[in-house]
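# Commentary on secondary and tertiary structure
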Amino acid sequence: MALHLIKLCVGAETLDDLREWVSKRALVALAAGLEPSSSHTTRMIPKRVEELLDGGSLYWVIKGQVQARQRLMDLRTFKDVDGITRCELILGPEVIETEFQPKRAFQGWRYLKEEDAPRDLRNLDGGNADLPLELRRELAELGLL
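Residues numbered from 1 in each chain as written. Predicted model: local features only at pLDDT ≥ 70, side-chain atom pairs only at ≥ 80, totals over all residues. Heavy atoms only, no water.

This part takes up the packing of aromatic side chains. The full count for this structure, using the stated rule, is one aromatic pair. Arranged with centres 5.1 Å apart and planes meeting at 70°, the rings of Trp109 and Tyr111 form a pair that is edge-to-face. Judged by relative accessible area, Trp109 falls into the buried class, the value being 13%. Here the basic side chain of Arg48 rests over the ring of Tyr111, its NZ or CZ set 5.1 Å away from the ring centre. (Phe/Tyr/Trp six-rings, centres within 6.5 Å; stacked < 30°, edge-to-face > 60°. Buried < 20%, exposed > 50% of the residue type's maximum accessible area, 1.4 Å probe, protein only. Lys NZ or Arg CZ within 6 Å of the ring centre and 35° of its normal.)

Okay, the pattern of salt bridges next. Inspection of the entire model under this criterion finds nine salt bridges. Ionic pairing is found between Asp16 and Arg19, a salt bridge with its closest N-O pair at 3.9 Å. Residue Asp16 and its partner Arg19 are located together in helix α1 (residues 15-31), separated by three residues, close to a single helical turn. Salt bridges sharing common partners tie together Asp16, Arg19 and Glu97. (Salt bridge = Lys/Arg side-chain N within 4 Å of Asp/Glu carboxyl O. Helix = DSSP H or I, 4+ residues; strand = E, 2+ residues; numbered from the N terminus.)

Looking now at the environment of Glu99. With respect to the element layout, Glu99 can be found in strand β6 (residues 96-102). Considered as a pair, Glu99 and Gln67 are 32 residues apart in the sequence and their alpha carbons are 6.3 Å apart.

Mapped onto the fold, Ile96 is located in strand β6. Taking relative accessible area as the criterion, Ile96 reaches 8% and is therefore assigned buried. Distance from Ile96 to Arg71, taken between C-alpha atoms, is 8.7 Å for residues 25 residues apart in sequence. Those residues in contact with Ile96 that lie beyond four places of it in its chain are Gln67, Ala68, Arg69, Asp120 and Arg122. (Contact = heavy atoms within 4.5 Å.)

An ideal rise of 1.5 Å per residue puts 24 Å on 17 residues; α1 measures up with 24 Å between its terminal C-alpha atoms. Those residues of α1 not exposed but buried are Leu15, Leu18, Val22, Ala26 and Ala29. For α1, the arc enclosing every buried residue in end-on projection is 65°, short of the 170-degree limit, so these residues lie on one face. Of the residues in α1, the exposed ones pointing more than 90 degrees away from the buried face are Asp16, Lys24, Leu27, Val28 and Ala31. Check the buried side of α1 and you find it contacts β2 (38-42), β3 (57-62), β4 (65-79) and β6. Directly after α1, the chain includes Gly33, whose backbone phi takes a positive value near 80°. (Expected span 1.5 Å × (residues − 1). Arc of directions from axis to C-beta.)

On to the nonpolar core. Of all hydrophobic cores here, the largest spans 19 residues; its most connected members are Leu5, Leu18, Leu58, Leu72 and Leu89. If you list the elements that add at least two residues to this core, you get β1 (3-8), α1, β3, β4 and β5 (85-91). Residues in contact with Leu58, not counting those within four places in the same chain, are Leu5, Ile6, Lys7, Ala68, Arg69, Gln70, Leu72, Leu89 and Leu91. Among the nonpolar cores identified, the runner-up in size contains eight residues, and Tyr59, Val61, Phe106 and Leu112 belong to it. (Core = buried A, V, L, I, M, F, W, Y, C linked by side-chain atoms within 4.5 Å.)

In structure tokens:
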């Protein structure tokens, strides 16, 4: 069973902000002759790498709601200019919308078990995927989704 990470999407006000950032990073990678991907650097290095790379994703919290995920492709450690070891999360190029799931603010990242992860919107049967984003957000905040 896959293990996931969850992290606040700092700097993104909307899902479109995240998509734009990911698109730009993928274009930069393509221009450099690399596979289209984006990356995110974290201070802490996950210990459960094998489980994360066995189908795991990074779930993004935007405005207090889990709203999307990106597939974890690789985790690489490196030393920054100050000699501090960091972790680079290599993410797939696709931003996959998920059902909204409220999440309080936290620092860094957390592990997220498969059974606790929100479902992809494209896999929902209830028609929530067709609702406008703001309406889904309001309904989720009220606990109705």
